[in-house]
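Below, each chain spelled out in residue letters.
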Amino acid sequence: MHVHFDGTPDNKLPLLLAAFQYRFAGDVEAMARHLIDDVPHGWDELGTDLLDGAPAALRRSLTGGEDFPSRQIDMTNVICVGGPPDERTLVTQDGIGAEEWAYVLHPHGIEVIALQAYDRGPVVAWDTDPRSRVTANPSAWHPDTPAPVVAPRTAPRLGTAVSAPAPTPTSRKATRH
């Protein structure tokens, strides 16, 4: 299903992972129905409504606190030579046109394909932390290498100065000379 606005993995993968984990509660079939089957023509944009059920801190981390709805393509505002299509267009490897990225929903994870370079891509497991760092560099998404996804740090950085505990007051006897 075509998504018009900003389909790069650094933008879409965290949203899709969080949607799977929270809004769709791990049900890839329900997610596919919502994103693909129930959409007549495509998406202008996937929005923060896909984060329904996600913790507030995760929503803020992924969106910077912004809220915006998903919007389907409205064919009444699209000008097509010969009139609007009666059916949605099937996107295949043979007819990708200017598409740059594809996401394939599998039971075990989401396959990310850099379409201009490869015909398949690495799979990112569904339990991947949506806050992970993700690159949009197509050459990094080679199908025979691990996905270029780096989990967020949960522990303090090594080398971070840790302040020593404050000394406890000790009693001193005054010395007299």
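Residues numbered from 1 in each chain as written. Predicted model: local features only at pLDDT ≥ 70, side-chain atom pairs only at ≥ 80, totals over all residues. Heavy atoms only, no water.

K.L.:
Tell me what's going on with the overall build of the protein chain, and back it up with residues and numbers.
P.N.:
Counting its secondary structure elements, the protein chain contains three helices and seven strands. Reading the protein chain from its N end, one meets helices and strands in the order α-α-β-α-β-β-β-β-β-β. For the protein chain, the proportion of its 177 residues judged to be buried stands at 31%. The long-range share in the protein chain, meaning contacts at least 24 apart out of those at least 6 apart in sequence, stands at 51%. (Helix = DSSP H or I, 4+ residues; strand = E, 2+ residues; numbered from the N terminus. Buried < 20%, exposed > 50% of the residue type's maximum accessible area, 1.4 Å probe, protein only. Contact = heavy atoms within 4.5 Å.)

K.L.:
Tell me about the pattern of salt bridges, and name the residues and values.
P.N.:
As enumerated under the stated definition, the model contains six salt bridges in all. D67 serves as the salt-bridge partner of R59, at 2.9 Å between the closest nitrogen and oxygen. One salt-bridge network, held together by shared partners, links D52, R59 and D67. (Salt bridge = Lys/Arg side-chain N within 4 Å of Asp/Glu carboxyl O.)

K.L.:
Can you explain the pairing of strand 4 (residues 109-114)? Please cite residues and give values.
P.N.:
For strand 4, the tally of buried residues reaches six of six residues, placing the bulk of the element in the interior. Pairing analysis gives six bridges linking strand 3 (residues 101-106) to strand 4, with the strands arranged antiparallel. Each residue of the ladder has a partner; that of A102, found in strand 4, is I113. In this antiparallel pair of consecutive strands, strand 3 and strand 4, the connection spans two residues. (Pairing = 2+ DSSP bridges.)

K.L.:
Describe the sheet that holds strand 3, and please don't skip the residues or the numbers.
P.N.:
Reading across from one edge, 3-4-5 is the order of the three strands in this open sheet, with antiparallel pairing throughout. Single-partner strands in this sheet number two, and they are strand 3 and strand 5 (123-125). Taken over all neighbouring pairs, the strand axes of this sheet differ in orientation by 25° on average, direction set aside. In the packing of helix 1 (residues 9-23) onto the sheet, contacts are made with strand 3, strand 4 and strand 5, and the angle to strand 4 comes to roughly 165°. (Axes fitted to C-alpha atoms, helices over the stretch in contact; angles between N-to-C directions.)

K.L.:
Run through the packing of aromatic side chains, naming residues and quoting values.
P.N.:
Applying the stated criterion across every chain yields a total of two aromatic pairs. For the pair F20 and W126, a centre-to-centre distance of 4.1 Å together with 20° between the ring planes defines the contact as stacked. In this pair, F20 sits in helix 1 while W126 sits in the loop between strand 5 and strand 6 (133-134), placing the two residues 106 residues apart along the sequence. Residue classification places F20 among the buried residues on the basis of a relative accessible area of 9%. Taking relative accessible area as the criterion, W126 reaches 5% and is therefore assigned buried. (Phe/Tyr/Trp six-rings, centres within 6.5 Å; stacked < 30°, edge-to-face > 60°.)

K.L.:
Explain a negative patch on the surface residue by residue, including any values.
P.N.:
Negative charge collects at one region of the surface, where D27, E29, D37 and D38 lie side by side. With respect to the helices and strands, the residue D38 is situated in the loop between helix 2 (28-37) and strand 1 (43-45). (Patch = residues over 30% accessible without salt bridge, like charges linked within 9 Å, V, L, I, M, F, W, Y side chains within 5 Å. Areas by Shrake-Rupley, 256 points an atom, 1.4 Å probe, with all protein chains shown as cover. Lys, Arg positive; Asp, Glu negative; His and termini not counted. Charge placed at Lys NZ, Arg CZ, Asp CG, Glu CD.)

K.L.:
Go over the packing of helix 1 against helix 2 with me, naming the residues and quoting the values.
P.N.:
Remark: helix 1 packs on helix 2, axes separated minimally by 9 Å, with the N-to-C direction vectors making an angle of 120°. For the element pair helix 1 / helix 2, the angle class is oblique. As helix 1 runs across helix 2, the sense of the crossing is right-handed. Contacts between helix 1 and helix 2 involve L16, A19, F20 and R23 from the first element and V28, M31, H34 and L35 from the second. In terms of residue class, the contact of helix 1 with helix 2 is built from six nonpolar, one polar and one charged. (Parallel < 35°, antiparallel > 145°, perpendicular 65-115°, else oblique. Left-handed = near helix turned anticlockwise from the far one by under 90°. Nonpolar A, V, L, I, M, F, W, Y, C, P; charged D, E, K, R; others polar.)

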